[in-house]
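# Observations on the three-dimensional arrangement
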Amino acid sequence: MVHETMLVCSCNFITDKEIRDVINELLDEDCWQLIVPAKVYHAMGKRGRCCGCFPNVVDIIIKTTEEYHAAHKTDGVKVCDFMERLRRFHEEQRLANLERRRNLGKVA
């Protein structure tokens, strides 16, 4: 699949291609591991600063993982179950972050 390169993280000047490359390397090590933005950044020797890019990184993780398993012809049932668990995990994290932000607003 052909992708145009775009800047995803302006704090660290990281492109989507760099993120996809790291995700593919991580998947080559263990195609069933849970990959989160912090893990991707750590593999690049970076860290999230403002973390505003993390929702986009999550989308790239999901899409790249799907493409990886499709290219490697992984058993579809296993992939669907894994991807559903991954989406659920990321959604739970997103909701937890929103709740934390709401609670911070109440304290301030």
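Everything below is about the structure shown above.
Thresholds applied
- Residues numbered from 1 in each chain as written.
- Predicted model: local features only at pLDDT ≥ 70, side-chain atom pairs only at ≥ 80, totals over all residues.
- Heavy atoms only, no water.
- Axes fitted to C-alpha atoms, helices over the stretch in contact; angles between N-to-C directions.
- Helix = DSSP H or I, 4+ residues; strand = E, 2+ residues; numbered from the N terminus.
- Parallel < 35°, antiparallel > 145°, perpendicular 65-115°, else oblique.
- Left-handed = near helix turned anticlockwise from the far one by under 90°.
- Contact = heavy atoms within 4.5 Å.
- Buried < 20%, exposed > 50% of the residue type's maximum accessible area, 1.4 Å probe, protein only.
- 1 Å grid on protein atoms, 1.4 Å probe; cavity = no way out; pocket = protein on both sides within 12 Å on 5 of 7 lines; lining within 4 Å.
- Points joined across faces, edges and corners; volume = space filled by probe spheres on them.
- Nonpolar A, V, L, I, M, F, W, Y, C, P; charged D, E, K, R; others polar.
- Polar contact = N/O pair within 3.5 Å; in protein donor to acceptor, adjacent residues only side chain to side chain.

## Considerations on the packing of helix α1 (residues 16-29) against helix α3 (residues 54-71)
The contact between α1 and α3 brings their axes to 10 Å, and the two run at 50°. Judged by the angle between their axes, α1 and α3 are oblique. In terms of crossing hand, the pair formed by α1 and α3 is right-handed. For the pair α1 and α3, the contacting residues are Asp16, Ile19, Arg20, Ile23, Asn24, Leu27 and Asp28 in the first and Val57, Ile60, Ile61, Thr64, Thr65 and Tyr68 in the second.

## With respect to unusual backbone geometry
Its identity is not glycine, yet Phe13 carries a phi of approximately 55°, on the positive side. By secondary structure assignment, the location of Phe13 is in the loop between β1 (7-9) and β2 (14-15). Despite not being glycine, Cys51 shows a phi value in the positive range, around 65°. Accessibility expressed as a relative area gives 32% for Cys51, which makes it partly exposed.

## Here's the deal with the layout of surface pockets
By volume, the largest pocket is sized at about 570 Å³. Lining the largest pocket we find 20 residues, and of these Phe54, Pro55, Gln93, Arg94 and Asn97 sit closest to its centre. Residue assignment for the lining of the largest pocket shows that the elements contributing at least two residues are α2 (37-43), α3 and α4 (76-107). The element best represented in the lining of the largest pocket is α4, accounting for 10 residues. Each residue belonging to the lining of the largest pocket can be placed in one class, and the counts come to 11 nonpolar, four polar and five charged.

## Observations concerning the environment of Asp28
In this fold, Asp28 is placed in helix α1. Taking the C-alpha atoms as reference points, Asp28 and Tyr68, 40 residues apart in sequence, are found 9.2 Å from one another. Ignoring anything within four residues of it in the chain, the contact list for Asp28 reads Tyr68 and His72.

## Topic: the side chain of Arg20
Within the secondary structure, Arg20 is located in helix α1. Only 2.7 Å separates the side chain of Arg20 from the side chain of Asp16, close enough to count as a polar contact.

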